[in-house]
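Chains, contacts and geometry: an overview
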Amino acid sequence: MHLSRRSLLAGAAAAGAFAAAPDVFANETPWSLGVENAPAEGFPQAPMRLIHGRSPRGLEGVLFRNGPGWFRYPGSATGHWFDGDGFIQRFAIADGRARHSARFADTNKRRIETARQQIVMPGFGTRGQPSAPVNNADSLNAANTSVMMAGAELWALWEGGSPTQLDPATLQTVGLRTLRPDLAHMPFTAHPKVEPNGRIWNVGFYGQRGVIWRLSADGGVEDAHVLDIGQPSYVHDWAVSARHLIIPLQPWLHERTVAPLVEGYVWRPDLPFRVMVLEKDNLANRRIYELPAMFFFHTGDAWEDAAGAIHFDLCVTPDADFVTRQAREMISGPELNAPGAELVMATLHPDGRAELARSGHRGEFPQTDRRRQGNRRELVAMVDDNIGHALGVMNWRTGAFAAHDFGAHQMVQEHLFAPKPGRSGEHEAWLIGVTLNTRERATELHVFDAAGVGDGPVASWRSPYATPYGFHGTWAAA
Ligand SMILES: [Fe+2]
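Residue indices follow the written sequence of each chain, beginning from 1 at its first position. Restriction of local features to residues with pLDDT of at least 70 applies here, the model being predicted, together with a cutoff of 80 or more for giving and counting side-chain atom pairs; totals for whole chains, interfaces and linings are based on all residues. The side-chain quantities take in all heavy atoms of the structure and omit both hydrogens and water.

**Notes on the coordination of the iron ion**
Rule in force here: Note that water is not among the atoms used; donors are N, O and S atoms within 2.8 Å of the metal (3.2 Å for Na, K and Ca), so sites may look incomplete. For a four-donor site, all angles between 85 and 135 degrees give tetrahedral; for four or six donors, opposite pairs above 155 degrees with the remaining angles between 65 and 115 give square planar or octahedral; all remaining cases count as irregular.
Distances from the iron ion to its protein donors, His 191 (NE2), His 236 (NE2), His 298 (NE2) and His 472 (NE2), fall within 2.0 to 2.2 Å. Given four donor atoms and angles of 93 to 165 degrees at the metal, the environment of the iron ion is assigned as irregular.

This is how it looks when you write it as structure tokens:
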């Protein structure tokens, strides 16, 4: 489809861009712009400049995004991309104009490290200092992975602990959001699933024990069910259909308790990729399916057909190399060369069979129309390759794949479905997301028509500055 990032980087290396020895404080490769520290004070609200097209009529709302935004102090750096401090960005679209603001989540981790001016706390891939004051999981909470609206509250999400509540207008941190006092500091992952009726499901895991959270639309806990998933798989994302919860259990297992956490995981290609399916109305009713060994971070979403088969798409790689090696080296090294994940569709049949259909397209950060959560849909949008420079949309029903290539100087980030007002069709939506333009050293906001991604953005705005490459976001329509 395009020049791969690997070949791009190889070309840049040949041209001498990487001639200097890697230096964590003077990294000048294009990718390094995505992992530079953002300003400690964040960004006050500033207008973005319209650089292409015009804002579509009816598109009004806020795109909130989260991702790691602080990686190093003089003399010390985080050991993994996933350990940067949560930097929450707010892209507000109103009256045809876009405005940007951003702020760090004011976490315990960030307060301690800012005071000491060094990386102190252990993390997913960061060893931390022996003197790190760790009382519970939230002592380490980086609030850096995603963001969600729970009623009128904005929550910055991590993976191993509580949500962090922010003011959705100012992005000021309110504090840790304890969902229920007896379950304080329990994990609440960054991939909650919101049913069309507003009900929120989420999971969180420590080793092979976990919690299934069921929340009302305003974030109140309706139920928290503790369960044993039988093996200590790394579960970053999962899926929910109309009647079932689907928990993929990949063979990357937490077998040793060491610091950093990532070094305690072992890739076990001798084991299958298991999928646990639980009935929403009776969580004790469970089935286990098996697929060949593979690694994943993200799912699209799930639905069930008339025959009772469950379908869900996910982006898979042959092994855990990205998380164990690449995402560590990219903080201090110059090269990102892990092969991108492939979009596949898993089907779980009522008779216990499981099968996998390949799409032939590489991509990550899959997104679907959240109005259809748990129900049949045909589209999934994704960033091509690993952290590529194109946005693609796969149509599972027709097999069609549409893409827009921004060019090798753009690092494309997750794009979300934003429904067109008064419309209900899956194709009747915009896709809204962000790129990091490494040539202009600027962050850009783009809007596509979901029905015509190949035609390019219908509107693009540019910030007067660059912001770090983020992970996930949410669209809050005005
Ligand atoms: Fe994620």
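**Quick look at the sheet that holds strand S32 (residues 459–462)**
Where we set the bar: Whether two strands pair depends on DSSP finding at least two bridges between them. Here a strand is any run of E in DSSP of at least two residues, a helix any run of H or I of at least four, and the numbering for each starts at the N terminus. For helices, the fitted line uses only the C-alpha atoms of the stretch in contact; every axis is such a line through C-alpha atoms, and the angle between N-to-C directions lies from 0 to 180 degrees.
Strand order in the open sheet formed by five strands is S2-S32-S31-S30-S29, with antiparallel pairing between adjacent strands. A strand with exactly one partner marks an edge of an open sheet, and here the two such strands are strand S2 (49–53) and strand S29 (410–419). Strand after strand, the sheet turns through a mean of 20 degrees between neighbouring axes, direction not considered. With eight bridges connecting them, strand S30 (residues 429–437) and strand S31 (residues 442–449) associate as antiparallel partners. For Val 434, the partnering residue across the bridge sits in S31 and is Leu 445.

**Details of the environment of Gly 198**
Here is the rule: Note on classification: 1.4 Å probe, protein chains only; a residue is buried when its accessible area is under 20% of the maximum for its type, exposed when over 50%, partly exposed between these limits.
Relative to the helices and strands, Gly 198 resides in the loop between strand S12 (193–194) and strand S13 (200–206). With a relative accessible area of 16%, Gly 198 lands in the buried category. Along the primary structure Gly 198 and Met 48 are separated by 150 residues, whereas in three dimensions their C-alpha atoms are 32 Å apart.

**Considering unusual backbone geometry**
Of note, the amide linkage connecting Ala 259 to Pro 260 takes the cis form, showing an omega dihedral of 0 degrees. Within the secondary structure layout, Pro 260 lies in the loop between strand S18 (252–254) and strand S19 (265–267). Of note, Ala 143 is a non-glycine position whose phi angle comes to about 45 degrees, a positive value. Look at Ala 143 and you get buried, because its relative accessible area is 0%. Not every positive phi belongs to a glycine, and His 185 is a case in point at roughly 70 degrees. On the secondary structure map, His 185 appears in the loop between strand S11 (173–176) and S12.

**Digging into the packing of aromatic side chains**
Quick reminder of the rule: Here a pair means two rings of Phe, Tyr or Trp (six-membered ring of Trp) with centres within 6.5 Å. Their orientation is stacked below 30 degrees between planes, edge-to-face above 60, and tilted elsewhere. Counted as over-ring charges are cases with an Arg CZ or a Lys NZ within 6 Å of the ring centre that also lie within 35 degrees of the ring normal.
For the structure shown, the criterion picks out 28 aromatic pairs. Centre to centre, the rings of Phe 82 and Phe 297 are 5.7 Å apart; their planes meet at 75 degrees, and the pair counts as edge-to-face. Taken together, the residues span a long stretch of sequence, with Phe 82 in the loop between strand S5 (76–77) and strand S6 (86–94) and Phe 297 in strand S22 (residues 295–304) at a distance of 215 residues. Per residue, the accessibility class of Phe 82 equals that of Phe 297, and both read buried. Between Phe 188 and Trp 213 the ring centres are 5.9 Å apart and the planes differ by 65 degrees, which places this aromatic pair in the edge-to-face class. Of this pair, Phe 188 sits in the loop between S11 and S12 while Trp 213 is found in strand S14 (residues 209–215), placing the two residues 25 residues apart along the sequence. Relative accessible area serves as the criterion here: at 1%, Trp 213 is assigned to the buried category. Here the guanidinium or amino end of Arg 110 rests over the ring plane of Trp 70, the centre of that ring lying 4.7 Å away.

**Quick look at helix H2 (residues 108–116)**
What counts is decided by this rule: Directions are taken from the helix axis to each C-beta atom, and the arc is the one they span. By definition in these notes, contact holds between two residues if any of their heavy atoms fall within 4.5 Å.
Those residues of H2 lying buried are Lys 109, Arg 110, Ile 112 and Glu 113. The buried residues of H2 occupy an angular sector of 165 degrees when projected down its axis, which confines them to one face. In this fold, the buried residues of H2 make contact with strand S4 (72–73) and strand S7 (97–104). Two residues or fewer after H2 comes Gln 117, characterised by a positive phi angle close to 55 degrees.

**Focus: the sheet that holds strand S20 (residues 273–279)**
Pairing is antiparallel in the open sheet, where four strands are placed in the order S16-S17-S20-S21. Each edge of the open sheet carries a strand with a single partner, namely strand S16 (239–240) and strand S21 (282–291). Examined bridge by bridge, S16 and strand S17 (residues 244–249) share two bridges and lie antiparallel to one another. Directly across from Val 240, in S17, lies its bridge partner Leu 245.

**Description of the environment of Glu 113**
Assignment of secondary structure puts Glu 113 in helix H2. Owing to a relative accessible area of 1%, Glu 113 belongs among the buried residues under this scheme. The contact partners of Glu 113, leaving out residues within four places of it in the chain, are Tyr 73, Asp 85, Gln 118, Ile 119, Val 120 and Met 121.

**Examining helix H3 (residues 321–332)**
Every α-helix winds through 3.6 residues per turn, so residues three or four apart in the chain are directed the same way. Here is the rule: To estimate how far a helix should reach, multiply one less than its number of residues by 1.5 Å.
The first and last C-alpha atoms of H3 sit 17 Å apart over twelve residues, in line with the 16 Å expected at 1.5 Å per residue. Contacts made by the buried residues of H3 are with S4, S5, S18 and S22.

**Some details on the confidence of the model for the protein**
Definition in use: What pLDDT conveys is the predictor's confidence in a given residue, as a value from 0 to 100.
Looking at the protein as a whole, its pLDDT mean stands at 92, while 92% of the residues score no less than 70. Below pLDDT 50 for its whole length, residues 1–28 participates in 44 contacts with residues either more than four positions away or in separate chains.

**Let's talk about the pairing of strand S28 (residues 401–405)**
Summarising the sheet, strand S27 (residues 390–395) and S28 pair through five bridges and their orientation is antiparallel. Looking across to S28, one finds that Met 394 is bridged to Phe 401. Turn length for the S27-S28 hairpin, with the two strands adjacent in sequence and antiparallel, is five residues, and the turn residue Gly 399 shows positive phi of about 80 degrees.

**Examining the nonpolar core**
Short version of the rule: Only buried residues count toward a nonpolar core. Its members are Ala, Val, Leu, Ile, Met, Phe, Trp, Tyr and Cys residues joined through side-chain atoms within 4.5 Å.
Residues Trp 81, Phe 82, Trp 252, Val 323 and Leu 431 are the most contacted members of the largest nonpolar core, which totals 37 residues. Looking at this core, the elements with two or more residues in it are S22, H3, strand S26 (379–384), S27, S29 and S30. Examining the composition of this core, we find that five residues originate from one element, H3, more than from any other. Apart from the residues within four sequence positions on either side, Val 323 is in contact with His 80, Phe 82, Phe 124, Trp 252, Val 262, Phe 295, Phe 297 and Arg 328. One finds Ala 239, Val 275, Phe 296 and Ala 346 within the second-largest nonpolar core, a separate group that totals 17 residues.

**What about the pattern of salt bridges?**
The condition is simple: One speaks of a salt bridge when a side-chain nitrogen belonging to Lys or Arg is within 4 Å of a carboxyl oxygen belonging to Asp or Glu.
The tally for this structure, following the rule as stated, stands at 30 salt bridges. Between Glu 263 and Arg 127 there is a salt bridge; the shortest N-O distance is 3.4 Å. Placement of Glu 263 in the loop between S18 and S19 and of Arg 127 in the loop between H2 and strand S8 (146–150) is noted, with a sequence separation of 136 residues between them. Beyond isolated ion pairs, a larger network of salt bridges with shared partners links Asp 85, Lys 109, Arg 110 and Glu 113.

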